[in-house]
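# Architecture and fold: a report
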Amino acid sequence: FFFFNDTATTEIYTEQIVGSVRCVQETGYQRRVHGEKFLQKEVKMESKFQLAAQLIRESNLGSISDQQKLDIYSLYKQGTEGDNTTSKPGMLDFKGKAKWEAWNKQKGKSKEQAQEEYIDLALSLLPAEEVKKLEAQ
């Protein structure tokens, strides 16, 4: 057994080596990992997430709604920092409060899941030429 600390919760995983396949028992289901492919997938997703964030920062997305901006912000924060542990801004800080609440709604979502959702949202918001860059990753 080994312990995995994921921000606020601790889960126990059992690990068993079977030939070249590592089977990880995770709270009720198994995920099969073949050698380095799992690590390569994680690195590839992280680099795609970073590219999506860069493209979003560099693009002129003035036509998107405030809700879409909050979704982008909250998924980025959840994908990079995890659950919101900051104190809620004061009631007169409307922008800070909206951002805090949007991020707080993502609580409990894994960083990987937030990164995948961020990439999907970026694909729907970015212009076609930027989407091609992201899909090429």
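This text follows the structure it describes.
As a starting point, this report considers the structure included with it. (Residues numbered from 1 in each chain as written. Predicted model: local features only at pLDDT ≥ 70, side-chain atom pairs only at ≥ 80, totals over all residues. Heavy atoms only, no water.)

Right, let's get into the layout of surface pockets. Reported here for the second largest pocket is a volume of approximately 260 Å³. As for the second largest pocket, its lining consists of A53, I56, R57, S59, L61, G62, I64, K69, I72, Y73, Y76 and Y118. Looking at the lining of the second largest pocket, the elements that each hand over two or more residues are α1 (37-58) and α2 (66-81). Examining the composition of the lining of the second largest pocket, we find that 4 residues originate from one element, α2, more than from any other. Residues belonging to the lining of the second largest pocket are distributed by class as follows: 8 nonpolar, 2 polar and 2 charged. (1 Å grid on protein atoms, 1.4 Å probe; cavity = no way out; pocket = protein on both sides within 12 Å on 5 of 7 lines; lining within 4 Å. Points joined across faces, edges and corners; volume = space filled by probe spheres on them. Helix = DSSP H or I, 4+ residues; strand = E, 2+ residues; numbered from the N terminus. Nonpolar A, V, L, I, M, F, W, Y, C, P; charged D, E, K, R; others polar.)

Attention shifts here to a negative patch on the surface. Residues E46, E112, E116 and D120 make up a contiguous surface patch of negative charge. Considering each element in turn, the negative patch owes the most residues, 3 residues, to helix α4 (residues 111-125). Mapped onto the elements of the fold, E112 is located in helix α4. (Patch = residues over 30% accessible without salt bridge, like charges linked within 9 Å, V, L, I, M, F, W, Y side chains within 5 Å. Areas by Shrake-Rupley, 256 points an atom, 1.4 Å probe, with all protein chains shown as cover. Salt bridge = Lys/Arg side-chain N within 4 Å of Asp/Glu carboxyl O. Lys, Arg positive; Asp, Glu negative; His and termini not counted. Charge placed at Lys NZ, Arg CZ, Asp CG, Glu CD.)

Moving on, we come to the side chain of Q115. Turning to its location among the elements, Q115 is positioned in helix α4. Excluding its chain neighbours within four sequence positions, the residues that come into contact with Q115 are M45, E46, F49 and G79. (Contact = heavy atoms within 4.5 Å.)

Going through the model one piece at a time under the given rule, you end up with 3 aromatic pairs. A ring pair is formed by F49 and Y76, whose centres lie 5.7 Å apart and whose planes are at 15 degrees; its orientation type is stacked. Of this pair, F49 sits in helix α1 while Y76 is found in helix α2, placing the two residues 27 residues apart along the sequence. Classification of F49 by relative accessible area gives buried; the value is 0%. On the basis of relative accessibility, which here comes to 28%, the residue Y76 falls in the partly exposed class. With centroids separated by 5.1 Å and ring planes inclined at 70 degrees, the aromatic side chains of F49 and Y118 adopt a geometry described as edge-to-face. Of the two residues, F49 is situated in helix α1 and Y118 in helix α4; the sequence distance between them amounts to 69 residues. Through a chain of ring-to-ring contacts, three or more aromatic side chains come together here, namely F49, Y76 and Y118. (Phe/Tyr/Trp six-rings, centres within 6.5 Å; stacked < 30°, edge-to-face > 60°. Buried < 20%, exposed > 50% of the residue type's maximum accessible area, 1.4 Å probe, protein only.)

This next bit is on the pattern of salt bridges. Taken as a whole and assessed by the stated rule, the structure comprises 3 salt bridges. Between K88 and E101 there is a salt bridge; the shortest N-O distance is 3.4 Å. Of this pair, K88 sits in the loop between α2 and α3 (94-104) while E101 is found in helix α3, placing the two residues 13 residues apart along the sequence. Its relative accessible area of 44% is what places K88 among the partly exposed residues. The class of E101 is partly exposed, set by a relative accessible area of 32%. A salt bridge links E117 to K109; the shortest N-O distance between them is 2.7 Å.

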